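Given next are the chains, with one letter for each unit.
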Amino acid sequence: MTDLFVADRAAWLRAELHRYAEAYYTHDAPVVPDAEYDRLFRELQSIEATHPELRTLDSPTQRVGGSALKELQPVRHQVAMLSIETETDTTAGGAEAFDARVRRKLELAEDAPPIEYAAELKFDGLAVNLRYEDGVLVQAATRGDGEVGEDVTHNARTIRDIPLRLRDDKLPIPRVLEVRGEIYMRRDDFERLNERQRERGEKTFINPRNTAAGALRQLDPAISAQRPLSFFAYGSGEILDWNFAPQTHAEFVQALADLGLPVCEHHSVAQGAGGLVEFHEYIAALRDQLPFDIDGVVYKVNSLALQRQLGFRNREPHWAVAHKYPAQEEITELLDIEVQVGRTGAITPVARLKPVFVGGVTVTNATLHNEDELRRKDVRIGDWVIVRRAGDVIPEIVAAVAERRSGSERQFVMPTQCPVCGSHVVREEGEAIARCSGGLACRAQRVQALIHFAGRRMMDIDGLGDRYIESLVDFGYVESPADLYRLKLEDLLEMKQRADARDGVTPETVLNGKIATKWAENLITAIANSRRPPLARLLFALGIRHVGEATAKMLAEYLGSLANVRSAPRAVFAALPDIGQVVAEALFDFFDEKNNERVIDALLEAGVAPADEHPPAAKLAPRLATSELLAHAGIPKLTEIRAKQLAAQVDSLGKLLALTPLERNALDLPAEVLGELNTWLQHEQNSAALHALDAWCTQILASVPQSDESASARFAGKTFVLTGTLPTLSRDAATALIEANGGKVSGSVSKKTHYVLAGSEAGSKLDKARDLGVTIIDEAGLLALLEAPAQA
DNA sequence: TAGCCTCGAGATCC
DNA sequence: CTCGAGGCTA
C-alpha cells in the first residue's frame, strides 16, 4: 500500500465508522451488522498503529485506548459551573413559588402575561463540561468545585453518546463550544453490568449514579470503556465565534441536537406556573418507565435575555430551579443519639440508626440539628423512626412511630459539659444552638477548624483527610494551621504509624512502607502547593465567625489585600455591603485577638501569601465617604440621615475631631443627637478610634488606583434606578458598573433620583420618571456618561 | 419594624 | 440539604 492510499483509506474508515456509530447510537437504527463495524474498526486501528501520524483526535479508535493516567489533571472552567437551587416544596406549590420569585425579581405586574419556561428532566448522574474546538472534542471535565474540575477526556471519549466531532450539515460550527450535560448510567445497563459482575464473581455496584461517578473518574480508560455510560446535553459553557445566536434556551437545546449531540426527548416549553405544574405531574407519571433515574425536573426561564436580567446569586442562577419528587421513606430503629462538636463549638445531636437502605444508599446516621428540633419531633432513643433522604441526598428523620413504643425508650438529654473537652455548654438567650465554651482549647474545635482550613473550597489541600488531621492533632504534630507548613516527611510517617497502631490497623509490610512514603511525599507537596491561594479562599479558610464564602469574596474584592483586611477598623467593615454590626464585630474581634494574629503571622512566615492581592477596588471609595463612616462608627442616635446631615457640615472625620466643643454645639443637629455625640466623643477611646479610622481611610484611599479614582467620582452622589431589560448588560452588571463609579442604585423612582436607566419593556418606573421629570437614559447613554469628560 | 432574601454552619454518603 | 440568623428594604 502506498502511503497516499493508506491515508485515504484511514479517512474513509473514519467517516464510515462515524456514520455507523451515529446511526446506531443517536438514531437507534443500525445500518451495518456489529461484526462489520468491528472489522472496519480493527482495520482502522491497525492502520493507525503502523502510521501514528494518521491518528486524529476525532478518530473512533480514540474512544478506547490510550494508557492509564497517574492522576486526573485539574481543569479550570472558562465559565464557572454553577449548581441549581432546589425547590424544597415537592408539591405544586414549589413550581408556583419559583414562578412567583421570578416575577417579583423581574418586577412584573400582577396581570402581566405568564413567563415562558423551558422544562427538562433532572438526571441523576454527573455534570460534565465538553469542550469542542472547531467541532472536535478536545476536553471533558467534571464539575469539581465549579471553578476547577478534573480532566476526564480519556474516559469521555469512550462514551458512545458523546460525538468526537460535531456535525455541520444543519448549523455552522462555532470556533469554541462548551457543552454541559449529564453523564449517567441507564438502569438496564446497570442491571446488565451487575449481572456480569456476579457471573465473574466480582463485587456488584450499589446504584447507577455512583457507578457512573466511579467509572468516569477511572484512571484507565479501558476500565471506563467497559462501564456502559450515557450522556445528555442540556447547557453551555464558553462559546466563541458562533454564527448563530439562539434567543431562548429551547432554541439552544435544539441547536445542540442539530450539532449531533444527544438531547433528552422529554422536555417542554411551559407557560407560567400552571405549565410547570403540568410538566411536573406528567413526568411523575412517566418516571418509573424512564430507562434512567431522575431525581426531579428542572425549570429554566426560556428567554436568554430574561436570564441575563435575572442574574445570579453566590453559586446559583436566579433563573433556574430544580423541582424534585417526594423522597422515598423507610423505617428503622434509632439506636442512640450522640452529640458532635463543630468548628464553632456548636453541639449537634446526631442519630445513630440501624443501617437501612433508602433512596439508593445505606443510611446509618442522621442529623437532628438541635435540641428544639429533636423535641419538636419527639424522637427518643430506642424509637422506630421514619427515615428519608431529604432532596434525595441528606438523611433525615421525618418522625417517630409512636404506636411502636414499648415504653423502654429514653429521652435524650443535652449534655451540660462538652463531651470532648469538658468545658461548659452554653446556650445563649434566644439561640437555638448550644455551644462548647472551650474555644480553641477544645480539641474538637481545633480539629474542625483545621479540617475547614484544608477543605476544598478553602486552602484545598488534597489528600489531607479528616482522619489524618485528627491524628496530627491528637499526637501533637499540629496545633494551628501554620504548623501544617512545617511538617516533615518523618513526622507524617511517624504519625501514620502511631495512628495505625492505635486504630489496630494491620502492621505495615515492607511494600506498604514504600507506599506510605509515597503518600507522605504527595501530602507534603500538596501542602506546599496550597501556599498561594486567592485572598478570598484564605479569608474563608481562617474560619472567622459569620464569614463564609460570599463574605470572604466581597472582602477580598473591596479591600484587596490581607494587610488591608487585618488592619481595617470596625466601622469600615460595617460600611461594606452585606455586613452589619454583628459581622463587623466578629471580623474586628478576630483580627484583634492576639492568638489569631500569631497564627496569621506564622502563616505568612511559612510562605503562605494570597496570590491575587491588588489595590482596593474603586467602589470602596464611596463606602468610605464620611457620611458612611459616621453612620457605622457606633455613635448613639446618629442614624443614617443624621450622619449625612453631619457629614455635609464637617465633610471629613478629621475636621469633626478638630472642632472645639463650642464649635460642635453650633452644628445644625437635633439637641439630643448633639448631646449623644458630645458624650461619645468625650470618651478617649472613642475619639481615638475615630482618629484611627480617619488615618486608615486616608491611607487606603490614597492607594486606590488614580485612574479609577477619577472615574469613581464620575457618578459620586448620583442615584440611578434601573427598569426594563438592557440590550447587553445584565441588571447586576449595570448595578456593578454604576457602583464601581461611585453611583448608587435604588429600587424606586423619587425626586432624589438623578437618572432612570431604561431598557426595553420598561414598566411603571418609566412613567413615574416622566412625571417627576427625572432624566431618562438608555444603556448607550450610561456608557456615554462614563466616557464623557468629567462634568462639573 | 416586619418580612424577605441570602448567607453561614453543620451533617451525610460515596 | 436544612435550619437559624444577619442584613436589607419597604
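Just so it is clear, the model here is predicted, and its values are computed rather than measured. (Residues numbered from 1 in each chain as written. Chains lettered and ligands numbered in written order. Predicted model: local features only at pLDDT ≥ 70, side-chain atom pairs only at ≥ 80, totals over all residues. Heavy atoms only, no water.)

### Examining the protein's contact with DNA strand B
The criterion, for reference: Residue proximity to a molecule or strand is established when one non-hydrogen atom of the residue lies within 4 Å of it. We define a polar contact as two N or O atoms separated by no more than 3.5 Å, with the added condition that, inside protein, one atom must be a possible hydrogen donor and the other a possible acceptor, whereas residues neighbouring each other in sequence contribute only through side-chain atom pairs. Think of it this way: any DSSP run of H or I at least four residues long counts as a helix, any run of E at least two long counts as a strand, and we number them from the N terminus. Polar here means any residue other than Ala, Val, Leu, Ile, Met, Phe, Trp, Tyr, Cys and Pro, which are nonpolar, and Asp, Glu, Lys and Arg, which are charged; Gly is therefore polar.
Among the 29 residues in the neighbourhood of DNA strand B, the closest are listed as R104, T344, H546, G548 and T551. Looking at DNA strand B alone, sugar and phosphate atoms form 94% of those within 4 Å of the protein. Within the backbone of T364, an N or O atom sits 2.9 Å from a phosphate oxygen of DNA strand B. Contributing elements (two or more residues each) for the surface near DNA strand B: α3 (92-105), β13 (346-358), β14 (361-367), β16 (394-400) and α18 (549-559). If one sorts the elements of the surface near DNA strand B by residue count, β14 sits on top with six residues. Within the surface near DNA strand B, the residues separate by chemical class into nine nonpolar, 14 polar and six charged.

### Regarding the pattern of salt bridges
Short version of the rule: Salt bridge, as applied in this entry: a Lys or Arg side-chain nitrogen positioned within 4 Å of an Asp or Glu carboxyl oxygen. Each residue's exposure class comes from its accessible area (1.4 Å probe, protein chains only) as a fraction of the maximum for that residue type: buried when under 20%, exposed when over 50%, partly exposed otherwise.
Counted under the stated rule, the structure contains 39 salt bridges. Of the charged contacts in the structure, one is a salt bridge between E87 and R101, with a shortest N-O distance of 3.4 Å. On the criterion of sequence distance, the pair formed by E87 in strand β2 (residues 85-87) and R101 in helix α3 is long-range, its members being 14 residues apart. Judged by relative accessible area, which is 28%, R101 ranks as partly exposed.

### Here we look at the packing of aromatic side chains
Just so we agree on the cut-off: Here a Phe, Tyr or Trp ring, Trp counted by its six-membered ring, pairs with any other such ring whose centre lies within 6.5 Å, and the pair is stacked when the planes are under 30 degrees apart, edge-to-face when over 60, and tilted otherwise. A ring has a charge above it when a Lys NZ or an Arg CZ is no more than 6 Å from the ring centre and no more than 35 degrees off the ring normal.
A complete count under the given rule lists 14 aromatic pairs for this structure. Measuring from centroid to centroid gives 5.2 Å for F590 and F591, while their planes differ by 85 degrees, and the two rings are edge-to-face. Exposure class is identical for F590 and F591. Each is buried. Taken together, the ring pairs in this structure connect F123, Y184, F232, Y234 and F292 into an aromatic cluster. Sitting over the ring of W384, R404 keeps its end group 4.5 Å from the ring centre. Sitting over the face of the ring of W519, K496 holds its NZ or CZ atom 5.4 Å from the ring centroid.

### Notes on the UniProt feature "active site" (unreviewed entry) in chain A
Put simply, the rule is: UniProt positions are given in the numbering used here, feature names are shortened, and annotations may be inferred rather than shown by experiment. Pairs of residues are marked as contacts when any of their non-hydrogen atoms sit within 4.5 Å.
Taking the numbering used here, the UniProt-annotated feature "active site" (unreviewed entry) corresponds to K122. Topologically, K122 is positioned in strand β3 (residues 116-123). Among the residues examined, K122 registers a relative accessible area of 23% and is labelled partly exposed. Other than its neighbours up to four places away in sequence, K122 contacts I294, D295, G296, V297, V298, A322 and K324.

### Focus: the nonpolar core
Applied cut-off: Throughout this description, the term nonpolar core refers to a set of buried Ala, Val, Leu, Ile, Met, Phe, Trp, Tyr and Cys residues connected via side-chain atoms within 4.5 Å.
Counting 87 residues, the largest nonpolar core has I461, L484, Y485, L539, L555, F573 and F591 as the members making the most contacts within it. With sequence-adjacent residues up to four places away left out, I461 is seen in contact with A454, G455, L484, Y485, L523, A526, I527 and S530. The next biggest cluster of nonpolar side chains, apart from the first, holds 34 residues, and it includes V179, F190, L193 and L216.

### Some words on the protein's contact with DNA strand C
Close to DNA strand C lie 19 residues, the nearest being T88, I394, D578, G580 and V583. The protein-proximal atoms of DNA strand C, defined as those within 4 Å of the protein, are 97% sugar or phosphate. A432 has a polar backbone atom sitting 3.2 Å from a phosphate oxygen of DNA strand C. D578 is positioned with one of its backbone polar atoms (N or O) 2.7 Å from a phosphate oxygen of DNA strand C. In terms of residues, the surface near DNA strand C owes the most to one element, helix α21 (residues 581-592), which gives three residues. Classifying every residue of the surface near DNA strand C gives seven nonpolar, eight polar and four charged.

### Side note on the environment of F412
As for its position among the elements, F412 is in the loop between β16 and β17 (425-426). For the pair formed by F412 and I381, sequence separation is 31 residues and the distance between their alpha carbons is 6.7 Å. When residues no more than four places from it in sequence are discounted, the contact partners of F412 are I337, V339, P349, L374, R375 and I381.

### Examining the sheet that holds strand β4 (residues 126-133)
Threshold: Paired strands, as defined in this entry, are two strands with at least two bridges between them according to DSSP. Only the stretch in contact is used when fitting a helix axis, every axis being a line fitted to C-alpha atoms; angles between N-to-C directions are given from 0 to 180 degrees.
One open sheet holds the four strands; their spatial order is β5-β4-β7-β8, and the pairing between them is antiparallel. Each edge of the open sheet is held by one strand with a lone partner, namely β5 (136-142) and β8 (230-240). Strand-to-strand twist across the sheet, computed as the mean angle between neighbouring axes with direction ignored, equals 25 degrees. Judged from the eight bridges that link them, β4 and strand β7 (residues 176-184) form a sheet pairing that is antiparallel. Opposite Y132, over in β7, you have L177 as the bridge partner.

### With respect to the sheet that holds strand β11 (residues 320-324)
Strand pairs in the sheet, formed through backbone hydrogen bonds, run parallel or antiparallel to each other. Ordered by their spatial adjacency, five strands build an open sheet running β2-β11-β10-β3-β9, and the pairing between neighbours is mixed. Every interior strand has two partners, whereas the edge strands, β2 and β9 (268-271), have only one. Put simply, the sheet's adjacent strands are angled 35 degrees from each other on average, direction ignored. Bridge count between strand β10 (residues 294-301) and β11: five bridges; the pairing is antiparallel. Bridge pairing in β11 places V298 opposite A322. Helix-sheet contacts for helix α9 (residues 272-286) involve β3, β9, β10 and β11, and the interaxial angle to β9 is about 135 degrees.

### What to know about the confidence of the model for chain A
Test applied: The predictor rates its confidence in each residue with pLDDT, a number between 0 and 100.
A residue-level look at chain A finds 84% of positions with pLDDT of 70 or above and a mean pLDDT of 83. The secondary structure element of chain A with the lowest average pLDDT is helix α30 (residues 706-712), at 48, and the one with the highest is helix α8 (residues 249-258), at 96.

### With respect to α9
Let me state the cut-off plainly: For a helix, the expected span equals 1.5 Å multiplied by the number of residues minus one.
The terminal C-alpha atoms of α9, which comprises 15 residues, lie 22 Å apart, in line with the 21 Å expected from a rise of 1.5 Å per residue. Among the residues of α9, G272, A273, G275, L276, V277, F279, H280, I283 and L286 are the ones counted as buried. Close packing links the buried residues of α9 with α3, β3, β9, β10 and β11.

### Concerning the UniProt feature "binding site: Zn(2+)" (unreviewed entry) in chain A
The UniProt feature table records "binding site: Zn(2+)" (unreviewed entry) at C418, C421 and C442. For the residues just named, distributed over 25 residues, the greatest C-alpha separation is only 8.6 Å, placing them together at one site. You can see C418 is positioned in the loop between β16 and β17. A relative accessible area of 4% places C418 in the buried class. With residues near it in sequence (within four places) discarded, C418 still touches V341, S423, V425, C436 and C442.

### Describing the packing of helix α28 (residues 671-682) against helix α29 (residues 684-703)
Inclusion rule: Every angle not falling under 35 degrees, over 145, or within 65 to 115 is termed oblique; those three ranges are roughly parallel, roughly antiparallel and roughly perpendicular.
Look at α28 against α29: their axes get within 4 Å of each other, and the N-to-C directions meet at 90 degrees. By the criterion of interaxial angle, the relationship of α28 to α29 is roughly perpendicular. Residues W680, L681 and Q682 of α28 pack against E684, N686, S687 and L690 of α29. Among the residues making up the contact of α28 with α29, the classes are represented as three nonpolar, three polar and one charged.

### Structural notes on the pairing of strand β19 (residues 719-723)
Regular strands place side chains that alternate from one sheet face to the opposite one. For β19, the buried fraction is high: five of the five residues fall into the buried class. Where burial is concerned, the two faces of β19 agree: the one with T719, V721 and T723 and the one with F720 and L722 are both buried. Across four bridges, the pairing between β19 and strand β21 (residues 755-758) is parallel. Note that in β21 the partner of T723 across the bridge is A758.

### Observations concerning the environment of R405
Here R405 lies in the loop between β16 and β17. R405 gets classed as partly exposed once you look at its relative accessible area, which sits at 23%. Sequence separation between R405 and R380 is 25 residues, and the spatial gap between their C-alpha atoms is 9.6 Å. Once residues within four sequence positions are removed from consideration, R405 is found in contact with D378, R380, D383 and A400.

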